[in-house]
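# Coordinates in review
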Amino acid sequence: MESAYAPLSESCAKALADKVYDKRKVASQEIEKMVTEFSAKKNAMQIRKLIEVLSNDFATSRDPNRRKGGLIGLAATSLALGKDSERYVSELVTPILNCLNDPDVRVRYFACESLYNVVKVARVAIIPFFPELFSALSRLVADSDQMVKDGSELLDRLLKDIVTESSQTFNLEAFIPLLKERVYVKNSFARQYVISWISILNAVPEINMVIYLTDILDGLFTMLEDNTLEIQRMCETTLSQFLKSIRNDASSVRMEDTINILIIHAQSPNELIKSIAITWIREFVQIFGPNVLPHASGIFTAILPCLEYNVESKKNIKECAVSVNNCMMLLISSKEHKSQNIQKIDLRSVMEVLSQYLTHNSVHTKVAVLKWIHHLFTHFPNEMSPHSNNLGANLLSILSDNSDEVVLQCLSVLAEILSSSYNKDSNDFNKVSYRKFLLSLLNLFGEEKKFLDNRASLIIRQLCVLLNAEYIYRTFAEIIDEEVIKFAASMVRLLNMILLTSPELFELRDSLRNITNDQSADLFKCLYKSWSHCPVSTLSLCLLAQSYHHVSELVVLFADVEITLELLNELDKLVQLIESPIFAPLRLTLVSKSNNCTDAQHLAHALFGILMLLPQTDAFNLLKNRLQCVPNYWGQTPADANNSLQHKSNIDFDALLRHFKKVQKSQRTLRIQQRRNIIIPEDN
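Now for a quick tour of the structure. (Residues numbered from 1 in each chain as written. Predicted model: local features only at pLDDT ≥ 70, side-chain atom pairs only at ≥ 80, totals over all residues. Heavy atoms only, no water.)

### Comments concerning the overall build of the protein chain
Operational definition: Here a helix means four or more residues in a row that DSSP labels H or I, a strand means two or more in a row labelled E, and each is numbered from the N terminus. Throughout, radius of gyration means the C-alpha value; the globule benchmark is 2.2 Å times the number of residues raised to the power 0.38. Residues count as neighbours in contact if any of their non-hydrogen atoms are within 4.5 Å of one another. Using the Shrake-Rupley algorithm and a 1.4 Å probe, accessible areas are obtained, with residue cover drawn only from the displayed protein chains.
Per the secondary structure count, the protein chain includes 36 helices and 0 strands. Rg of the C-alpha trace for the protein chain: 45 Å, well past the compact-globule value of 26 Å for 684 residues, more than 25% over. Expressed along its principal axes, the backbone C-alpha trace of the protein chain runs to roughly 160 × 55 × 45 Å. Intrachain contacts of the protein chain at a sequence separation of at least 6 include 72% that bridge at least 24 residues. For the protein chain, the exposed area adds up to about 32,200 Å²; of that, 50% sits on carbon and sulfur atoms.

Shown next, in the form of structure tokens:
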């Protein structure tokens, strides 16, 4: 009677299912001998029948010992078949693969051993089953049993050798979706396994893994978060290999998809991920040039926060970010493809990102953002024009920043925006833009006294350097004269001090000294009307303009001006200024006989008047000593006003004097009302 396990004998089948390994081993040797005979006789039917018995009655049995016997029997069959096993590879591999997930540790181990033997002889024929083998091994490398792990590692090394040798027949496209899925595993052993395969495949010359880089790049960066140093090292090495491949030939990489992945990971809180991602972005900017410009907003989002890093551990990140920033700036302003480059940039999204980082805590980041805005306005004024209105409020608020560097850079941007309204054809400025900006600036000064005291001087001086100083002063004066400015006197005092002391305003001072010129005379009248809010500043302006006769008339009016401590301090500063190099021409006028000594007499009269207003302080003694050096003009024939410099200017000083009186009267009325309000508060 034929055995139920034919072509296996009953005794062989019994030994194959025994719990003792040695008995199963003996049975497997009998199977190997049997298969060798079948193969020699080319009895394929019996071979398939034997494999079917080993699969159905043993490898898939509920009895773990029978499963172990089936596995060793299948391995023996494969070894006996040798190269012919490729004809039966599907029947041999399928039951073994199922056993790789067996709940019994020993069964899993024997499955690894059995599969190793099958793969060893089948070689290339195993390739169609590679996805299933890869999935199974990715689980086994993380197995709880060390023997199973060791067995899976041996099988894995064998598979890698086979795939490397048969790269021409390896179906990479079918494998990539599986790799894309497995690259996100959390287990460290599984991660190490996946990385090793990516690295091996990328090293094969016939396989171009760069084509599929975007499918696995995100997962590779995610793996860098692993706490295992070996995995971090493997990831870094693999990423370096990919980057080297891209440098050699960038034609295969999907640049748009790849750079979006890099931008996301460049914002990671993990320093290693951030560093590698930004390094890649730097390389991409250098390799792909203008083609990265459509991604400018994302690149800025990634690099701008990194500019604040000062600690040693983040030094490399900062250097890379600075390098990317500089390269992007050179790209955008490249003269060769300037018009094409600006068309590639989504200015709206770029400006949204830049505006967002204007309020960043870092000085370096804010300065970089402001330089970018300035750069864009400089090179693309027409394209940037629609964004100027939205920037205005943000830029004005930055002027109160604690950093001088930020404030100065912000002023450069504001000046560039205003300059873009310059009409080259008419050689004129857009007065509306200037006035609107300076009015906003005045309102900003008025909101906080600390800001006015600490920042206003720097801002005004820098604006005078960057823009037309005369126009700045003229516009300020017109606003103060026409608008209701509560701090008009303080503002005039500040403008006057800047005018008299700042090197940046040398040309403006020089212009005001020559009021016989119509343009200078017009500027003087404009300034005078607003300067009238501050009596001492008015004196200073007239002394600068060499309107000494008018100064002598103004000094007399101080009898009606309320002499406060603040006014005395201003007079004290004026005396100090008279002794400064700026007023050297004034001091020389005191000994000049030009114009029949007319200007000298009016000036001396004015200075004596100022002396009489001062209490006997150091300033009093300083001015008194100066006047003691002056020749005595009092006994001479009274000066003829027609000989004075101010008379030659054709300025109506009588009208200016009336304006001065009017302003002082209104200020006196306002002070009285304010005092009353303090004593008797107005009803709400």
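### As for the packing of helix α30 (residues 535-544) against helix α32 (residues 565-578)
Quick note on the threshold: Only C-alpha atoms enter the line fits that serve as axes; for helices the fit covers just the stretch in contact. Angles between N-to-C directions range over 0 to 180 degrees. Comment on the angle field: the value is read as roughly parallel under 35 degrees, roughly antiparallel over 145, roughly perpendicular from 65 to 115, and oblique elsewhere. By definition, any crossing whose near helix is turned counterclockwise from its far helix by less than a right angle is left-handed, and any crossing with a clockwise turn is right-handed. Residues are grouped as follows: Ala, Val, Leu, Ile, Met, Phe, Trp, Tyr, Cys and Pro are nonpolar; Asp, Glu, Lys and Arg are charged; all remaining types, including Gly, are polar.
Relative to each other, α30 and α32 sit at 20 degrees, their axes nearing to 9 Å. Looking at the two axes, α30 sits roughly parallel to α32. Here the hand of the crossing between α30 and α32 comes out right-handed. Together, V536, S537, L539, S540 and L543 of α30 and L567, E570, L571, L574 and I578 of α32 make up the contact between the two elements. Per-class residue counts for the contact of α30 with α32 are 7 nonpolar, 2 polar and 1 charged.

### Quick word on the pattern of salt bridges
Stated formally: The salt bridge definition used is simple: a Lys or Arg side-chain nitrogen within 4 Å of an Asp or Glu carboxyl oxygen. Only protein chains enter the accessibility calculation, which uses a 1.4 Å probe. A residue is then buried if its area is under 20% of the maximum for its type, exposed if over 50%, and partly exposed in between.
Enumeration over the complete set of coordinates arrives at 22 salt bridges. Of the charged contacts, one joins E283 and R247 as a salt bridge, the two residues approaching to 3.1 Å between their closest N and O atoms. On the criterion of sequence distance, the pair formed by E283 in helix α14 (residues 271-288) and R247 in helix α12 (residues 229-248) is long-range, its members being 36 residues apart. The class for E283 is buried, based on a relative accessible area of 11%. Residue R435 pairs with E482 through a salt bridge whose shortest N-O separation is 2.9 Å. With R435 in helix α23 (residues 431-447) and E482 in helix α26 (residues 469-482), this residue pair connects regions lying 47 residues apart in the sequence. Of the residues examined, R435 reaches a relative accessible area of 23% and is grouped as partly exposed.

### Focus on the packing of aromatic side chains
Note the cut-off: Any two rings among Phe, Tyr and Trp, with Trp reduced to its six-membered ring, count as a pair given centres within 6.5 Å; such a pair is stacked if its planes are under 30 degrees apart, edge-to-face if over 60, and tilted if neither.
Within this structure, the stated rule accounts for 19 aromatic pairs. Relative to Y528, the ring of F524 lies with its centre 5.9 Å away and its plane at 50 degrees, an arrangement referred to as tilted. With F524 and Y528 both in helix α29 (residues 518-531) and 4 residues apart, this pair spans about one turn of that helix. Considered together, F524 and Y528 belong to a single accessibility category, that of buried residues.

### Some words on unusual backbone geometry
Following A6, the chain continues into P7 via a peptide bond in cis, with omega recorded as 10 degrees. The residue R123 is not glycine, and still its phi comes out positive at about 50 degrees. Tracing the backbone through its elements, the reader meets R123 in the loop between α6 (105-122) and α7 (130-140). Assessed through its relative accessible area of 27%, R123 is described here as partly exposed. For N650, which is not glycine, the phi torsion reads 65 degrees and is therefore positive.

### A short note on the side chain of S349
Put simply, the test is: Two N or O atoms count as a polar contact when they lie within 3.5 Å, although within protein this holds only if one can serve as hydrogen donor and the other as acceptor, and sequence-adjacent residues are included solely when both atoms are side-chain atoms.
Counting through the fold element by element, S349 comes out in helix α18 (residues 347-357). Polar contacts involving the side chain of S349 include one to the main-chain carbonyl oxygen of D346, which spans 2.9 Å.

### Side note on helix α35 (residues 618-628)
Heads up, the rule is: This arc corresponds to the set of directions leading from the helix axis out to the C-beta atoms.
If you check which residues of α35 are buried, you get A619, F620, L623 and L627. One side of α35 carries all its buried residues, which in axial view fall inside an arc of 100 degrees. Opposite the buried face of α35, by more than 90 degrees, sit the exposed residues D618 and Q628.

### Some words on the nonpolar core
Selection criterion: Buried Ala, Val, Leu, Ile, Met, Phe, Trp, Tyr and Cys residues form a nonpolar core when they are joined through side-chain atoms within 4.5 Å.
Counting 247 residues, the largest nonpolar core has W280, L399, F445, Y473, M491 and F524 as the members making the most contacts within it. Ignoring any residue separated from it by four or fewer positions in sequence, one finds W280 in contact with L213, L217, L239, F242, L243, I246 and L262.

### Focus: the packing of helix α11 (residues 213-223) against helix α13 (residues 255-265)
The interhelical angle for the contact between α11 and α13, taken along N-to-C directions, is 10 degrees, at an axis separation of 9 Å. Taken together, the axes of α11 and α13 are roughly parallel relative to one another. Taking contact as the criterion, the partners of L213, T214, L217, D218, F221 and T222 in α11 are, on α13, D257, T258, I261, L262 and H265. Of the residues belonging to the contact of α11 with α13, the class tally is 5 nonpolar, 4 polar and 2 charged.

### What about the environment of T77?
Checked against the element boundaries, T77 lands in helix α4 (residues 64-81). Not counting chain neighbours up to four residues away, the residues in contact with T77 comprise I31, V35, L50, I51, L54 and L92. A polar side-chain atom of T77 sits 2.8 Å from the main-chain carbonyl oxygen of G73.

That's the geometry; what it means functionally is another story.
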